Amino acid sequence: MKKSGKGEDLVNKFATPKNHQKDLTHGEGDFSLKKFFKILFSKDAFLVYSLLLFLFSLYVLISFVSYLFTWMEDDIWLQALGKDSTNFNITPANAGGKIGAYLGFIFVKQSFGIGSFVLLTFLFILSLRGMYLIKLDMIKTFSMSIVLTLFFSILMAFLFYDQPVLGGLIGKNIINLLQNLFGKIFTGIILFLIAFVITFLLIPRYIKKFYKKLFTDVNNVSTSTSMNIENNSAKITIEPELASTEQNLSTELDNVSATEVLSKPVSKATEIELDLEEDVDTVPSYYDNISKEVSNELLEAEVEDKINSFEKERKVIPLKLDDQLPPYLNKSVLHDEISDDNFVEHVENPFEILKSYNFPSLDLLTYHGRGETGVTREELEENKKKIIETLRNYEIDIVKIKATIGPTVTMYEIVPAPGVRISKIRNLEDDIALSLSALGIRIIAPIPGKGTIGIEVPNQKREIVSLRSMLETDKFQNHSGELPFVLGKTITNEPFVSDLAKLPHLLIAGATGQGKSVGLNIIISSLLYKKHPSQLKFILIDPKKVELAPYNKLENHFLAKLPDEVEPIITDVSKVVKTLTSVTKLMDWRYDLLKEGGVKNIVEYNQKYLQKRLNPQKGHHYMPYIVVVIDEFADLIMTAGKEVELPVARIAQLARAVGIHLIIATQRPSVDVITGKIKANFPARIAFRVSSKVDSRTILDYNGAEQLIGMGDMLYLHGNDFLRIQCAYVDTDEIEKIVDFISNQPGYPHPFLLPEVSEEEQGESLQDVANLDRLFGDAARIVVSSQQGSTSLLQTRLNIGFARARRIIEQLEQTGIVGPPQGSKPRDVLVKDLNHLEQFLSNLLNKNTIS
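On a predicted model such as this, the values are computed, not experimentally measured, just so you know.

Section: the overall build of the protein
Part 1: Helix and strand counts for the protein come out as 28 helices and 16 strands.
Part 2: Across the 851 residues of the protein, 49% fall into the buried class.
Part 3: Taking the intrachain contacts of the protein between residues at least 6 apart in sequence as the baseline, contacts between residues at least 24 apart amount to 69%.
Part 4: When the accessible surface of the protein is totalled, it reaches about 42,700 Å², and 55% of it is carbon and sulfur.

Right, here's the structure in full:
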């Protein structure tokens, strides 16, 4: 709930008293005292007040400066005015006129002298703050102004006692008191010490904070002589001479403190900087600077109240079943034929059905790991020295080193001296890891787009990136993509937001327990926070039966399934092929609608439909995006093989334009699971930590995933983007709160229903292998047991001719047991043991594909 400001409080106080004061109206006018006070205390009115204050301050400044030179003439005018108050023909010499002369006399001569100019500076700052040009703590600024006003008044009175306008009457009185107590010499010593403290400690520090505040809040650019802050990241730059030594680099880093710039969400970024002269031991977390702690108990109570209120207001939407079915399932027949010229009134806005739908609140989520992050200056210094020492042991000199502090790792960017070969540094990965005693050292040589070499070193204290902190960012809130989702923070502390509609499919792989399931929940939760139920539907396939189970309650809001299915989430492997075949059928049907509508993609189609330019009588309707999420893809491949791979590959190749997108996760990144067909159609890939370089190359085509440090540490690849990201974290309780919040609102009468699939359509994917050789089973066992797929092997072991052996080997390829030919080399065997083979052959027998 939005809190009322002081202006609104005054409005309520004066405009609505207890006796219900009547409006002051004339005739039929709508003017009222409440509206008057609302205008009086509005934001625009305060801008006008601030501008007037600035002009007044400028006038007073001119008057004060003029009074310093014309104070004698102005005083004569004041004396004459006092003797003859009726004589208004006398004019002072002050440039500010009569009022200016009077102000100069009161504040300069009778009060603070030169110190009055400091007090006038406060008025300028106050007016600039009112116009939102700067942002300063006005209490501290006012206190500083009072101190400096008194000090300059006393100092000028001590130095120029005979000049009444320099020290002012107040300054002269204080000097007289101090000289009577301490004498003139000790009074001068005291003033000298105070001037030293103010000049060299207090004023520079305040001016520096003012300078940083000015450029941080106005231009969002923070400048520093010893720090380069780029892309909201903390960067510490050390620039020694060309012939650098360890001593030179060490000396320059001594005076640098690690500074972290973090962005606080929702519409305005909050940047936190530390002064270089302060003794800072730890890089602060954003959560350390939250002024008000979030209470989990109050949060849960608030969530329960919201859910209860939805439960009380829950109603069954009075719609017929057929009204919500897509055209391919709608069995009703319209009695009145709708012509192309008279169908506008029959086009329904899909958002009107659930127009009271409330998007989940960020209060359902919590911050994790508050105060647990930090990179110490000693850690940066120690790692820097060890890196330089290791490089110097191999006679490698560097001319520059720069540290970028991330949530999980710190990247040390180095510029080698001229003549140093990059391969020498790249080969020192294990040596640097040994010297730093750290897990997961990764060298990027060179960094794409930069003339530097990156050395990623894990932080001793890693930051837990909360989903809430990512969803609050402006980058996510204002993202214009069709299916935006967050992943976490990059190594430069930037929130990473991508659009699934542009990827267009996502492959997630990594070893067990490294964060794949959390990553899936992050993506699904992001889409739930961004999309309306009419815009998005999920098809969830979960062979493990527990990972995606919390989303069961979203059946009538966000889930899609086959008409004859009971469970909204597919957990039975035997039903996966039927569901995927149904998705391909839906894809073909949507392409037909795009062709009839004369558009190229789902965005143009939906826009044309909402503009009432497509006839619903011809099957046109609003198309929601379909996101197919498959967890544990390896289990499906081992049990169903080609039956799963073929529809997945076909969907990945064609479904982008019609709004169908795939997210596939697997914990076994091997070539028999992530095959060539899968990789070719999944340009966007995420690799969590894996056990070997082979697995890393299988997922990303690059090394590096084996050097990750786990717990959500990932590598993201899409086109030329190759980023290291710390995945955000969301726990099961938060997922349940989000699901409960949505499920307790009114939903559709039933889930989004997919097209029905007949047995003939389901078997079309393997119709080309319906007539297998009777020796197919024996040949498969020979190939799997020997782990060698070749025609000559089958000829020798089965005592058959070349033509028949080649036909059998081609059938083994079609069923996914062996890979494609590799020239003179034997084919890869994709099934690794006889147990999996027997299960695979059993499935084929059940489908009557082997006689």
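A short note on the pattern of salt bridges
Part 1: Scanning the model with the defined rule gives 28 salt bridges in all.
Part 2: Between Lys 385 and Glu 381 there is a salt bridge, with its nearest N and O atoms 3.6 Å apart. Placement of the pair is Lys 385 and Glu 381 together in helix 11 (residues 377-393), with a separation of four residues, close to one helical turn.
Part 3: Put simply, Arg 442, Glu 456, Asp 713 and Arg 724 are held in one network by salt bridges that share partners.

What about the pairing of strand 5 (residues 453-458)?
Part 1: Burial of strand 5 is extensive: six of the six residues sit out of reach of the surface.
Part 2: Bridge count for strand 3 (residues 409-416) against strand 5 is six bridges, and the pairing is antiparallel. In the strand pairing of strand 5, Val 409 is matched with Pro 458.

Looking at unusual backbone geometry
Part 1: Backbone torsion omega between Ala 445 and Pro 446 reads -10°, so that peptide bond is classified as cis.
Part 2: Here Pro 446 lies in the loop between strand 4 (442-444) and strand 5.
Part 3: Cis rather than trans, the peptide bond between Leu 503 and Pro 504 has omega equal to 0°.
Part 4: In this fold, Pro 504 is placed in the loop between strand 7 (495-499) and strand 8 (506-509).

Considering the nonpolar core
Part 1: Grouped together as the largest cluster of nonpolar side chains are 111 residues, with contacts concentrated most on Leu 506, Phe 538, Tyr 551, Phe 633 and Ile 660.
Part 2: Ranked by residues supplied to this core, first place goes to helix 17 (residues 573-597) with nine residues.
Part 3: When sequence neighbours within four positions are dropped, the list of residues in contact with Leu 506 reads Phe 485, Leu 500, Ile 523, Leu 662, Ile 663, Ile 664, Phe 682, Ala 684, Arg 685 and Ile 686.

Thoughts on the packing of helix 19 (residues 633-640) against helix 20 (residues 642-654)
Part 1: Two elements in contact, helix 19 and helix 20, have axes whose closest approach is 6 Å; the angle formed by their N-to-C orientations is 125°. Compared by their axis directions, helix 19 and helix 20 come out oblique. Between helix 19, through Phe 633, Leu 636, Ile 637 and Ala 640, and helix 20, the contact on the second element is made entirely by Lys 642, Glu 643, Val 644, Glu 645 and Val 648.
Part 2: Split into classes, the residues belonging to the contact of helix 19 with helix 20 amount to six nonpolar, no polar and three charged.

What counts and what doesn't
- Residues numbered from 1 in each chain as written.
- Predicted model: local features only at pLDDT ≥ 70, side-chain atom pairs only at ≥ 80, totals over all residues.
- Heavy atoms only, no water.
- Helix = DSSP H or I, 4+ residues; strand = E, 2+ residues; numbered from the N terminus.
- Buried < 20%, exposed > 50% of the residue type's maximum accessible area, 1.4 Å probe, protein only.
- Contact = heavy atoms within 4.5 Å.
- Areas by Shrake-Rupley, 256 points an atom, 1.4 Å probe, with all protein chains shown as cover.
- Salt bridge = Lys/Arg side-chain N within 4 Å of Asp/Glu carboxyl O.
- Pairing = 2+ DSSP bridges.
- Core = buried A, V, L, I, M, F, W, Y, C linked by side-chain atoms within 4.5 Å.
- Axes fitted to C-alpha atoms, helices over the stretch in contact; angles between N-to-C directions.
- Parallel < 35°, antiparallel > 145°, perpendicular 65-115°, else oblique.
- Nonpolar A, V, L, I, M, F, W, Y, C, P; charged D, E, K, R; others polar.

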